[in-house]
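Listed below are the residues making up each chain.
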Amino acid sequence: MILDSGDPQLYDIRTRAKGPKGALPLTAEMLLTRPSGDLFGLTQDAGMGWDPAKLSGKEFLILSTHGGIRAADGTPVALGYHTGHWEVGLLMQAAAEELKSADAVPFAAYCTDPCDGRTQGTNGMFDSLPYRNDAATIFRRLIRSLPTRRGVMGVATCDKGLPAMMMALAAMSDLPCILVPGGVTLLAEEGEDAARIQSIGARFAHNQITLEYASDMGCRACGSPGGGCQFLGTAATSQVVGEALGMSLPHSALAPSGHPIWLDMARRSARALLALDSRGIHMRDILTDAAVRNAMVVHAAFGGSTNLILHLSAVAHAAGLRRPTAEDWARINRQVPRIVDCLPNGPMNFATVQVFLAGAVPEVMLHLRRAGLLETEALTVSGETLGRTLDWWESSERRALLMQQLQTRDGIDPRDVILDPQTASQRGLTSTVCFPTGNLAPLGSVIKSTAIDASVVDADGVYRKTGPARVFLTEPAAVAAIKAGEIKGGDVLVLICRGPLGSGMEETYQVTSALKYLDFGKHVAVLTDARFSGVSTGACIGHVSPEALAGGPIGKVRDGDLIEIAVDRNRLEGSVNLVTAAGGVEEGSRILKQCSPRPDLAPDPAPPADTRLWAALQDASGGPWGGSVYDVESILKVLEAGKRTLAESQTGTTT
């Protein structure tokens, strides 16, 4: 029954209970000087079952993005949004048990995160990037709401939850904090990876796969129940960047979820947090300008997701540090060779767990240190400088045994996964991020140049394309055109009104994945004011600024207009211009100045008020190039100026 269960035992209700045994470890000084909240907190701790005699231990907070409900044997009772947060509760438990064994008092709190893969092509994507700021706010509020905490551990793994956690920890400058990345999922023994599988709809529409194949492969792409995706997308790149910042223990990024080595990372992180507290080492000692530069250098060496241009700037802002500019990113990517061969960059496309076995971040850093590209005096949460942790890694048993296992179990030479710079250059690994400008992107744009198919790049390392524009104002319309065969090789697919003001700056992997796995897709370029998934590949130019709805010239492009793209993958220079057959770039620029924006430009009607508010606040704070953060001082100045203007318009006076 719904209204009543008919069970008479339900009505045996008591109004009193004996309560916990024992007594709180109070002193007269505590009663006289401590706030009532501290004292009542101890009462509640005992009420939850903690031994009152042990409540005098130091309190530490463990924050997580854990999602779903797992039975004791790991089977699902209620699903999470994604595998990335499905098992991280086990990391929390391992860390908490370690803290408890050291007579500390652990607390745990949660703010789960969405999945960009699940929301691709849906209105859920309108909440993707805005969620990051909201979650960071919640994490910060949770930290402040436990005033007695001595330090904080953050456990997270995926696209927005992990950047949000880093932002929250970065803001805790006066506390010891440590980041525990949630790891990665395994490859299926027989099946596609989680990147390729997201294109089954487009491939089926073009008769490249059968319904049976799509159903079978779609079932098994996640080889294990926990961990972030197997490719170097935003989730995995965020783990790498977190470790490169010094916020995580060495060789913790990309650990295989559910494995003993993964749980051991959580236990050691708990011990490290205790040590940081005892030594008085706080976040401000670890997150420095040198740490941010190291993270940018490691990002370039890995060939990481372009979304970290947003997220690392946001972390730097939270820490009160200078936010990297596009010029900073360009300079570092020109200096730093890409030396990691990992999905989706290739050429061999190894999985993230195989990168972990090959040594992951510390192994890459050994090469970077030899090249003189790292700030080795930067402090890490190990309590040691980066230089000393790399000395340990170079001669460690851990390094030797894991590399041997990769060779024995998968038949892969670790030196083919993480290459020395000379070998990487010989094999055609090129640097990652390029920032094309031009008359269609006067304030810049972003392309992951290393992900352009090598077969469409000229012998001099330059990707050149001139083709007619096919303009779309929504992602579903663009995807429908791709599936219907209306997009042809040689076209430039222009997707506008998808920036922050249009749709919350949605991620458009549904478009890029469809093109990647279609035969003609490498001959199509994408130009948009939206952003891309970290696993996107191809000639995909995003973050076009100004966006169409902010008056950007991209909002003037019509179907059939000729667009010229050039991206030099060696010099990391690029341009994207409207041109004419006769007058070239100069004539195209003249046309753009004279013509009006398209009459159909409009924000998507679906984004909720929450996302519209986020778009306005981040726009007042520097926009995507500033990390899409909330810069309170800038927002207050804009609000005050607006209030003055409104007052003047109402009174007819000028101040």
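None of these values were measured; they are calculated from a predicted model.

Peer 1: So what about the sheet that holds strand β1 (residues 59-64)? Which residues, and what values?
Peer 2: Strand order in the open sheet formed by four strands is β4-β1-β5-β6, with parallel pairing between adjacent strands. What marks the edges here is a single partner per strand, and that holds for β4 (105-110) and β6 (177-181). Each strand axis lies, on average, 20° off the axis of its neighbour in the sheet, ignoring direction. One ladder, built from six bridges, connects β1 with β4; its direction is parallel. Residue Ser64 lies in a different strand from β4, and its bridge partner there is Tyr110. In this fold helix α3 (residues 88-101) packs onto β1, β4, β5 (149-156) and β6, with an angle of close to 175° to the strand it touches most, β1.

Peer 1: So, a nonpolar patch on the surface: which residues are in play, and what are the values?
Peer 2: Together, Val632, Leu636 and Leu639 make up a nonpolar patch on the protein surface, roughly 280 Å² of accessible area in all. Residue placement: Leu639 occurs in helix α26 (residues 632-651).

Peer 1: I'd love a proper account of the sheet that holds strand β10 (residues 492-495), names of residues and values included.
Peer 2: Ordered in space as β7-β8-β12-β11-β10-β9-β13-β14, the eight strands form an open sheet in which the pairing is mixed. The outermost strands of the open sheet, each flanked by one partner alone, are β7 (433-434) and β14 (573-579). Relative to strand β8 (residues 446-448), β7 runs antiparallel, the two being bridged by two bridges. The partner of Val433 across the bridge, within β8, is Lys448.

Peer 1: Before we move on, can you summarise the side chain of Lys160 with the specific residues and values?
Peer 2: Of note, Lys160 is situated in the loop between β5 and α6 (161-170). Leave out the neighbours within four places in its chain, and Lys160 touches Asp116, Ser128, Leu129, Tyr131, Arg132, His311, Glu507 and Arg531.

Peer 1: Give me the packing of helix α9 (residues 234-244) against helix α13 (residues 308-318): which residues, what numbers.
Peer 2: As a packed pair, α9 and α13 sit with axes 11 Å apart at the nearest point and diverge in direction by 35°. Crossing of α9 over α13 shows right-handed handedness. Residues Thr234, Thr237, Ser238 and Val241 of α9 pack against Leu308, His311 and Leu312 of α13. Of the residues that constitute the contact of α9 with α13, the class distribution is three nonpolar, four polar and no charged.

Peer 1: Please provide a residue-by-residue account of the packing of aromatic side chains, values included.
Peer 2: Taken as a whole and assessed by the stated rule, the structure comprises two aromatic pairs. Their ring planes at 50° and their centres at 5.9 Å tell us that Phe435 and Trp625 sit as a pair that is tilted. On the criterion of sequence distance, the pair formed by Phe435 in the loop between β7 and β8 and Trp625 in the loop between α25 (609-619) and α26 is long-range, its members being 190 residues apart. Across the ring face of Trp50, the terminal group of Lys100 is positioned such that the distance to the ring centre comes to 4.8 Å.

Peer 1: An account of helix α12 (residues 289-302) is needed here, citing residue identities and associated values.
Peer 2: Across its 14 residues, α12 extends 20 Å between first and last C-alpha, which sits within 8% of the 20 Å expected from 1.5 Å per residue. When you tally the buried positions in α12, you get eleven out of 14 residues, the bulk of the element. All buried positions along α12 are accounted for by Ala291, Val292, Asn294, Ala295, Met296, Val297, Val298, His299, Ala300, Ala301 and Phe302.

Peer 1: If you had to explain the layout of surface pockets to someone new, which residues and values would you point to?
Peer 2: Empty space within the largest pocket amounts to approximately 1000 Å³. Lining of the largest pocket is provided by 48 residues; of these, Cys115, Gly117, Arg118, Gln198 and Cys222 occupy positions nearest its centre. Secondary structure elements with two or more residues in the lining of the largest pocket: α4 (116-119), α7 (200-205), α9, α21 (475-483) and α23 (509-516). Here the lining of the largest pocket takes four residues from α23, the largest share from any one element. Across the lining of the largest pocket, the residue classes tally to 22 nonpolar, 20 polar and six charged.

Peer 1: Provide a residue-level description of the environment of Gln426, including the pertinent values.
Peer 2: Inspection of the secondary structure assignment puts Gln426 in helix α20 (residues 421-426). For the pair Gln426 and Val184, spaced 242 residues apart in sequence, the C-alpha to C-alpha distance is 29 Å.

Peer 1: Tell me about the state of the cysteines, and please be specific about residues and values.
Peer 2: In this structure the tally under the stated criterion is zero disulfides. Considering cysteine sulfurs only, Cys229 is the nearest to Cys158, which forms no disulfide, with 6.4 Å between them. With relative accessibility at 9%, the residue Cys158 sits in the buried group. Cys595 takes part in no disulfide bond, and the closest cysteine sulfur, belonging to Cys497, lies 15 Å away. With relative accessibility at 23%, the residue Cys595 sits in the partly exposed group.

Peer 1: So, the nonpolar core: which residues are in play, and what are the values?
Peer 2: With 117 residues, the main nonpolar core has Met153, Leu245, Phe302, Val355 and Leu368 as its most contacted residues. The element that contributes the greatest number of residues to this core is α12, accounting for nine residues. In contact with Val355, not counting residues within four places along its chain, are Leu254, Phe302, Val340, Cys342, Ala360, Val417 and Ile418. With 31 residues, the next largest nonpolar core counts Leu440, Val456, Ala525 and Val544 among its residues.

Peer 1: Any details on unusual backbone geometry? Residues and values, ideally.
Peer 2: Here Leu343 and Pro344 are connected by a cis peptide whose omega angle stands at 5°. As for its placement among the helices and strands, Pro344 is situated in the loop between α14 (326-335) and α15 (352-357). Each neighbour pair has its own omega, and for Gly346 with Pro347 the value is 20°, a cis peptide bond. Structurally, Pro347 is set in the loop between α14 and α15. The phi torsion at Cys497 lies on the positive side, around 65°, for a residue other than glycine. Mapped onto the secondary structure, Cys497 falls in the loop between β10 and α22 (500-503). If you check the backbone angles, His543 has positive phi at about 60° while not being a glycine. Summarising the element assignment, His543 is placed in the loop between β12 (540-542) and β13 (562-568).

Peer 1: Give me the lowdown on the pairing of β10, citing residues and values where you can.
Peer 2: Here β10 shows no split at all, with Val492 and Val494 on one side and Leu493 and Leu495 on the other all buried. Here strand β9 (residues 462-472) runs beside β10; their pairing, made up of four bridges, is parallel. Bridge pairing in β10 places Phe472 opposite Leu495.

Peer 1: Quick rundown of the environment of Pro553? Include the residues and the values.
Peer 2: Within the secondary structure, Pro553 is located in the loop between β12 and β13. Classification of Pro553 as buried rests on a relative accessible area of 13%. Setting aside residues up to four positions removed in sequence, Pro553 forms contacts with Asn439, Leu440, Pro442, Pro546 and Leu592.

Rules used in this analysis
Residues numbered from 1 in each chain as written. Predicted model: local features only at pLDDT ≥ 70, side-chain atom pairs only at ≥ 80, totals over all residues. Heavy atoms only, no water. Pairing = 2+ DSSP bridges. Helix = DSSP H or I, 4+ residues; strand = E, 2+ residues; numbered from the N terminus. Axes fitted to C-alpha atoms, helices over the stretch in contact; angles between N-to-C directions. Contact = heavy atoms within 4.5 Å. Patch = residues over 30% accessible without salt bridge, like charges linked within 9 Å, V, L, I, M, F, W, Y side chains within 5 Å. Areas by Shrake-Rupley, 256 points an atom, 1.4 Å probe, with all protein chains shown as cover. Salt bridge = Lys/Arg side-chain N within 4 Å of Asp/Glu carboxyl O. Left-handed = near helix turned anticlockwise from the far one by under 90°. Nonpolar A, V, L, I, M, F, W, Y, C, P; charged D, E, K, R; others polar. Phe/Tyr/Trp six-rings, centres within 6.5 Å; stacked < 30°, edge-to-face > 60°. Lys NZ or Arg CZ within 6 Å of the ring centre and 35° of its normal. Expected span 1.5 Å × (residues − 1). Buried < 20%, exposed > 50% of the residue type's maximum accessible area, 1.4 Å probe, protein only. 1 Å grid on protein atoms, 1.4 Å probe; cavity = no way out; pocket = protein on both sides within 12 Å on 5 of 7 lines; lining within 4 Å. Points joined across faces, edges and corners; volume = space filled by probe spheres on them. Disulfide = S-S within 2.5 Å. Core = buried A, V, L, I, M, F, W, Y, C linked by side-chain atoms within 4.5 Å.

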